[in-house]
Amino acid sequence: MTPPPHLPGSYLVVELTNRCSLACVHCSVSEGKAHPHHAHSGYLDPRLALGLVDDLVGVGARFDALVLFWLGEPLLHPAFPLIWRHALRAAARHGTFGKVEVHTNGTHLTAARSQVALNDADVEQPWHLSLDAIDRQTYLRVKGLDRFALVQGNVEAFLAAKARTGARWPRPVFQFIVGDNNVAEARAFREHWEGRCRALGLPVRAAAGHVPPGEDAIVFFRQLDCPTAAEQERCNALFRTEMLAQGLALPPQAAHGEKLGEKLGEKLESARATACSGFWKSPVVSWQGEVTTCTRDNLLHNAVGSLRDRPFSALWWGDRMAARRVAVAEGCYSGLELCQRCFIPKSLNYSELSPGEIDRQATWDAAHTAAHTAPDAAEAAR
């Protein structure tokens with residue numbers, strides 16, 4: 001059987017843990033145990049994480065990115081070094097991932113973790129340092145806990161180690177999610193980290209909306225994903241105004257102020273042109289091993305099964321997901337309540353999906369189903 005098609009812009013999100021050392025106001029962690037995703041906490045079984053990677057290698061699958069992060073701090077995982085290195089090996093030897101990406105708030109970016117991270121492998125490795133502030137009071141307001149001095153010190157030490165060793169990776173991405181609670185210091189944030197990198201001899205530039213390709217450090221301004229369409233529009237305007245004031249280029253829809261909030265349940269001009277790419281390009285694995293279709297699905301409404309019961313490939317490229325893709329390609333989100341309320345498919349934080357990509361996956365799904373049905377039919381005929 002041929003490998004599953006590689007779709008541009010695809011990324012696999014793996015939540016190593018839902019535990020976190022902060023309580024950012026824009027994250028479900030801030031709700032504590034009142035949020036179902038955090039009612040219980042723990043770590044992804046390392047055997048499931050390693051098995052997932054091995055499964056992808058075995059079927060010849062490829063994602064543009066592996067993102068080791070969802071709703072917790074990944075560096076908290078006791079087996080982080082083991083999982084990290086295993087993923088890098090799969091990327092380097094088999095091309096399983098175009099890049100291996102980590103998002104960390106820096107609270108556990110210790111000297112030991114930095115030593116694990118620094119390397120010269122031939123695999124792109126952006127590490128998003130989720131900082132969101134350059135003032136202590138603003139940091140407390142956004143991040144929920146006062147770990148400002150600790151995080152600043154950890155990031156400074158990490159940069160110094162990278163400069164001292166000359167390690168190619170990780171690529172530092174100083175992330176600032178723009179909101180009305182921190183926008184006033186966006187420019188100061190940029191100036192600070194650009195200055196620190198230059199003082200250490202590290203190439204650096206700023207970007208907005210998407211992280212550009214390369215190996216230089218990036219001061220990255222990201223759009224905030226909001227719970228309602230009205231709030232999303234307001235935050236989009238705030239983001240656009242600040243980025244243009246800083247002279248940073250934006251993706252077309254942000255630069256021109258295109259309206260982003262159209263519900264999937266509304267009548268659309270072309271269902272195939274607006275089908276949610278999550279069902280094709282962005283599987284998410286929770287710390288308990290559940291596989292779902294979107295990072296907004298923190299209640300796991302769209303989950304199709306667990307790695308504890310079946311391999312990832314059997315879930316993501318199995319009959320159930322194939323049937324969902326057929327329905328979604330036709331604009332049908334029946335039984336997918338979360339999707340019926342969603343307005344994100346037009347935001348900057350979204351991978352595009354073309355009709356051609358839908359057709360490629362549908363052709364593969366049909367062939368895969370036929371190949372697995374034929375042996376069963378032959379056995380039944382005996």
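What comes next concerns the included structure. (Residues numbered from 1 in each chain as written. Predicted model: local features only at pLDDT ≥ 70, side-chain atom pairs only at ≥ 80, totals over all residues. Heavy atoms only, no water.)

1. Looking at the overall build of the protein
Then, in step 1: If you tally the helices and strands in the protein, you get 14 helices and 10 strands.
Then, in step 2: Residue pairs at least 24 apart in sequence account for 74% of intrachain contacts in the protein once pairs closer than 6 positions are excluded.
Then, in step 3: Just so you have it, the protein exposes about 16,400 Å², and 54% of that area is on carbon and sulfur atoms. (Helix = DSSP H or I, 4+ residues; strand = E, 2+ residues; numbered from the N terminus. Contact = heavy atoms within 4.5 Å. Areas by Shrake-Rupley, 256 points an atom, 1.4 Å probe, with all protein chains shown as cover.)

2. Considerations on the pattern of salt bridges
Then, in step 1: Scanning the entire structure with this criterion turns up 17 salt bridges.
Then, in step 2: Between R308 and E290 there is a salt bridge, with its nearest N and O atoms 3.0 Å apart. Note that R308 is positioned in the loop between β10 (305-306) and α11 (312-316) and E290 in strand β9 (residues 290-292), a separation of 18 residues in sequence.
Then, in step 3: Beyond isolated ion pairs, a larger network of salt bridges with shared partners links D122, R168 and E215. (Salt bridge = Lys/Arg side-chain N within 4 Å of Asp/Glu carboxyl O.)

3. As for the packing of helix α5 (residues 148-165) against helix α6 (residues 186-199)
Then, in step 1: Interaxial distance between α5 and α6 falls to 10 Å at its minimum, and their mutual angle equals 35°. Once α5 is placed against α6, the crossing between them reads as right-handed. Residues Q152, V155, E156 and L159 of α5 lie in contact with α6, whose contacting residues are H192, W193 and R196.
Then, in step 2: Looking at side-chain class alone, the contact of α5 with α6 contains 3 nonpolar, 2 polar and 2 charged residues. (Axes fitted to C-alpha atoms, helices over the stretch in contact; angles between N-to-C directions. Left-handed = near helix turned anticlockwise from the far one by under 90°. Nonpolar A, V, L, I, M, F, W, Y, C, P; charged D, E, K, R; others polar.)

4. Considering helix α4 (residues 136-143)
Then, in step 1: For α4, every residue scored as buried is listed here: T138, Y139, V142 and K143. Projected onto a plane normal to the axis of α4, the buried residues spread over an arc of 110° and lie on a single side.
Then, in step 2: For α4, the elements touching its buried residues are β4 (126-130) and α5.
Then, in step 3: If you check the start of α4, you find a side-chain oxygen 3.0 Å away from the backbone N of Q137, and it comes from D135.
Then, in step 4: Directly beyond the C-terminal end of α4, a positive phi value near 90° is found at G144. (Buried < 20%, exposed > 50% of the residue type's maximum accessible area, 1.4 Å probe, protein only. Arc of directions from axis to C-beta. Polar contact = N/O pair within 3.5 Å; in protein donor to acceptor, adjacent residues only side chain to side chain.)

5. With respect to the pairing of strand β2 (residues 63-68)
Then, in step 1: Among the 6 residues of β2, 5 are classified as buried, and the element is accordingly described as predominantly covered.
Then, in step 2: As paired strands, strand β1 (residues 11-14) and β2 are joined by 3 bridges and run parallel to one another. Note that in β2 the partner of V13 across the bridge is V67.
Then, in step 3: One crossover worth recording links β1 to the parallel β2 by way of helix α1 (residues 46-59), and it is right-handed.
Then, in step 4: Note: β2 against strand β3 (residues 97-104), 5 bridges, orientation parallel. Of the residues in β3, the one forming a bridge with V67 is E101.
Then, in step 5: Crossover connection from β2 via helix α2 (residues 80-94) to parallel β3: handedness right-handed. (Pairing = 2+ DSSP bridges. Right-handed = clockwise from strand over helix to strand, strands pointing away.)

6. Digging into the sheet that holds β4
Then, in step 1: Read across the open sheet, the 10 strands follow the order β6-β7-β5-β4-β3-β2-β1-β8-β9-β10; overall the sheet is mixed. Whereas interior strands pair on both sides, the edge strands pair on one side only; in this sheet they are β6 (204-208) and β10.
Then, in step 2: Direction of pairing for β9 relative to β10: antiparallel, over a ladder of 2 bridges. Its bridge partner being in β10, E290 is matched across the sheet by S306.
Then, in step 3: On the sheet, α6 packs against β5 (171-178), β6 and β7 (217-223) and is oriented at approximately 160° with respect to β7.

7. Considerations on the packing of α1 against α2
Then, in step 1: At a minimum axis distance of 10 Å, the contact between α1 and α2 shows a crossing angle of 5°. Judged by the inter-axis angle, α1 sits roughly parallel to α2. On the side of α1, the interface is formed by P46, A49, L50, V53, D54 and V57, while α2 contributes L82, I83, H86, A90 and H94. (Parallel < 35°, antiparallel > 145°, perpendicular 65-115°, else oblique.)

8. Considering the side chain of Q223
Then, in step 1: Along the chain, the position of Q223 falls in strand β7.
Then, in step 2: Separated by 2.3 Å, the side chains of Q223 and N236 make a polar contact.

9. Quick look at the nonpolar core
Then, in step 1: Counting residues in hydrophobic clusters, the biggest one holds 94 residues, and the most contacted among them are L12, F97, V100, F174, F221 and F312.
Then, in step 2: Counting residues per element, this core draws most heavily on α2, which supplies 7 residues.
Then, in step 3: If sequence neighbours within four positions are ignored, F312 has contacts with L12, L52, D55, L56, F63, P283, V285, V291, L307 and W317. (Core = buried A, V, L, I, M, F, W, Y, C linked by side-chain atoms within 4.5 Å.)

10. With respect to the pairing of β6
Then, in step 1: Most of β6 is tucked away: 4 of the 5 residues are buried.
Then, in step 2: As judged from the 5 bridges shared by β6 and β7, these two strands associate in the parallel manner. Directly across from V204, in β7, lies its bridge partner A217.

These values are about where atoms sit, not about what they do.
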